[in-house]
Amino acid sequence: MTTMSYGTRLPQAARRFTALATLAFAPFAHAQQTSEGLASGLRPLPGTTSIAAVVGADLVTFNGVDLKVTPPGQPSTTLLSLPAYFFGSFLLPVNGTHVLLGYTGLTGGDAIWLVPLQGPAPTQPLASLAFNYDAARFDGQRALVSARTGGFAAANNELWTLDLQTGATQRVASIPGASGPVAIAGNGDVYYATGFAGFPTPPGTCTFLRLPRPLVDAAIAGNTMLGLAQTQVVATGLDAAGDMTFDDDGDLLFVDWFNGRVSEISDAASAQPSIVANVVNYATAAVSPASVQFVGGSQAGVFEPFQPTNGSLYVFETDYFATAGLRTVESQPGALLVNAANPVPAGLLQFIASSGPANGIGLLAFGIGPTGVTTPLAVPGFEAPLAWNSALTNAPVLLPFLFDATGGHVLNATNPGFATPFPATVQVAFVSNAGLLGATPAAALTIGQ
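Residues numbered from 1 in each chain as written. Predicted model: local features only at pLDDT ≥ 70, side-chain atom pairs only at ≥ 80, totals over all residues. Heavy atoms only, no water.

Enquirer: Looking at this model, I keep getting lost on the pattern of salt bridges. Mind explaining?
Expert: Oppositely charged side chains can pair when the atoms bearing their charge come close. Applying the stated rule across the entire model yields five salt bridges. Here E158 ties to R171 by a salt bridge, and the two come within 3.2 Å at their closest N and O atoms. Taken together, the positions of E158 in strand β12 (residues 156-163) and R171 in strand β13 (residues 169-176) put the pair 13 residues apart, joining distant regions of the chain. R171 sits in the partly exposed class, given a relative accessible area of 36%. For D217, the salt bridge goes to R213, with nearest N and O atoms at 3.0 Å. With D217 and R213 both in helix α2 (residues 213-222), this residue pair falls four residues apart, about one helical turn. Using a relative accessible area of 34% as the deciding quantity, one classes D217 as partly exposed. (Salt bridge = Lys/Arg side-chain N within 4 Å of Asp/Glu carboxyl O. Helix = DSSP H or I, 4+ residues; strand = E, 2+ residues; numbered from the N terminus. Buried < 20%, exposed > 50% of the residue type's maximum accessible area, 1.4 Å probe, protein only.)

In structure tokens:
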């Protein structure tokens, strides 16, 4: 899911204050900071961009007038042009061939378009929901749209199903407060974050709610409407949520525009979810996070710090004036370098660990035998698995050490020399001060004389 706070994510006065504050403090601003164990890169976008989403290898952007697609290494193509400027609400990839674009004019003209990435542009919107705000894939046929159809003065925000073929809509829920983002969990449950119906927004007024999927399905089948009484509280006392998305292991990532950061509700579906305040911190940056989109990978690994790189979190960031970009955030495992020739001659043997946890605890494992297959192992007490090589599961030699403040360490060993060379495998596991588990890839070497 990708949505953006350009015009509809914040009240008009809040947007103006945020933009002016960003401009005023820009000379003192620094880059955003990702949590350790994560790596990020930035793709600059035209400053007029108000929404961005990744669909396969393509980038789709909206600037209030033109919806464009940019394939890798190719020029942009315009998919849809509007006759006037509108505030972008959401840009949702619904499959590999279409995106759902929602926008509002604040004084009318609100619409939702289903736009193909190839072929002729549609001639009319799929639907019209006043003050549409956010959307998520509900199933293969429908999207779920958050919209405050009663306008700014309405006491409640609503959730509507939208048929992606016919454009038919059905109101499913009505919940007190301003417009809020919506996301669908892996089991189909609906997650919704409330917004404060006023300005300025007091701290601690955002609550994350869950609507169990069987309850939602029953309401749709019976054409009834759910309310606050049917929701389950996931987390409360948070400051804001402008957009949110689930990653590949059940964590709910969200934009906290109040504090200028991307935060997380870890294990959102569990009985004891926990808050990770700073996944990406923009507190001193010249831009602000506006939307988040998670795209899963096809390899082993989950989106957690220090894990093997797999899925990607995309954060659309902007200063609401002239700077915009799409940041890619990925897991970054530790690195291990064996500083010796191969076969390793007799004498000094150095193992250089890097990209580990600052001042964390490391454990180097050395095993005799060829390198095997790396698989994720569940370790009690840790959310993320340990990506561990099978060559090191049978009584390896273990050497503990401490990482330095930069997440690095050099471990010196001695090879006494062996007349008959033999294969060996080495790998480092570690734990950060925040209790995060990680490892380096395994390294293969041959011990010689």
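Enquirer: Help me understand the side chain of E317, please; the structure alone is not making it clear to me.
Expert: Structurally, E317 can be placed in strand β23 (residues 312-318). You can call E317 buried: its relative accessible area is 5%. Side chain to side chain, E317 and Y282 meet in a polar contact 2.4 Å long. For E317, the contacting residues outside a window of four places in its chain are Q32, L42, Y282, V287, S288, P289, T323, A324, G325 and R327. (Polar contact = N/O pair within 3.5 Å; in protein donor to acceptor, adjacent residues only side chain to side chain. Contact = heavy atoms within 4.5 Å.)

Enquirer: Can you walk me through α2 in this structure?
Expert: Working note: α-helix, 3.6 residues per turn, so residues spaced by three or four point in the same direction. Listed in full, the buried residues belonging to α2 are R213, V216, A219 and I220. All buried residues of α2 lie within an arc of 125 degrees about the axis, which places them on one face of the element. Opposite the packed face of α2, turned more than 90 degrees from it, sit the exposed residues P214 and A221. On its buried side, α2 packs onto β11 (142-147), β12, β13, β14 (182-184), β15 (190-193) and β16 (206-211). N223, located one to two residues past α2, shows a positive phi value of around 55 degrees. (Arc of directions from axis to C-beta.)

Enquirer: Explanation requested: the packing of aromatic side chains in the structure shown.
Expert: Geometrically, a pair of aromatic rings is defined through the distance of the ring centres and the angle of the planes. Across all of its chains, the model carries 12 aromatic pairs by this definition. Geometrically, the ring pair formed by Y85 and F87 is edge-to-face, given 5.6 Å between the ring centres and 85 degrees between the ring planes. Classification of Y85 by relative accessible area gives partly exposed; the value is 39%. Aromatic pair Y191 and F246: ring centres 5.0 Å apart, planes at 80 degrees, arrangement edge-to-face. Pair noted here: Y191 is in strand β15 and F246 is in strand β18 (residues 244-246), with a separation of 55 residues, a long-range link. There is no split in this pair, since Y191 and F246 are both buried. In textbook terms, an aromatic cluster arises when at least three aromatic residues are bridged by ring pairs, as seen for F306, F401, F403 and F430. (Phe/Tyr/Trp six-rings, centres within 6.5 Å; stacked < 30°, edge-to-face > 60°.)

Enquirer: I keep staring at the sheet that holds strand β26 (residues 347-354) and nothing clicks. Help me out?
Expert: Two strands in a sheet stick together by hydrogen bonds in their backbones, pointing the same way (parallel) or opposite ways (antiparallel). An order of β25-β26-β31 is seen for the three strands of this open sheet, with the pairing classed as antiparallel. Looking at which strands have only one partner, the edges of the open sheet turn out to be β25 (335-339) and β31 (409-415). Geometrically, the sheet is characterised by an average inter-axis angle of 20 degrees between neighbouring strands, direction not taken into account. One ladder, built from seven bridges, connects β26 with β31; its direction is antiparallel. Within β31, the position partnered with L349 by the bridge is A413. (Pairing = 2+ DSSP bridges. Axes fitted to C-alpha atoms, helices over the stretch in contact; angles between N-to-C directions.)

Enquirer: In this structure, what is going on with the sheet that holds strand β4 (residues 58-62)? I would like to understand it.
Expert: The sheet built from four strands is open, its strands ordered β3-β4-β5-β6 with antiparallel pairing. Edge positions in the sheet fall to β3 (51-55) and β6 (77-81), since each of these pairs with one other strand and no more. Averaged over all pairs of adjacent strands, the angle between strand axes in this sheet comes to 20 degrees, irrespective of strand direction. Pairing geometry for β3 and β4, over five bridges, is antiparallel. From the neighbouring strand, I51 faces β4, where its bridge partner is F62.

Enquirer: What's the story with unusual backbone geometry in this structure? I'm lost.
Expert: If a residue is not glycine, its phi is most likely negative; likewise, a peptide bond is most likely trans. The amide bond that connects F199 to the next residue, P200, takes the cis arrangement and shows omega of 0 degrees. The amide bond that connects N342 to the next residue, P343, takes the cis arrangement and shows omega of 10 degrees. Note on placement: P343 falls in the loop between β25 and β26. If you check the backbone angles, N359 has positive phi at about 60 degrees while not being a glycine. Considering the arrangement of structural elements, one finds N359 in the loop between β26 and β27 (361-368). Relative accessible area serves as the criterion here: at 43%, N359 is assigned to the partly exposed category.

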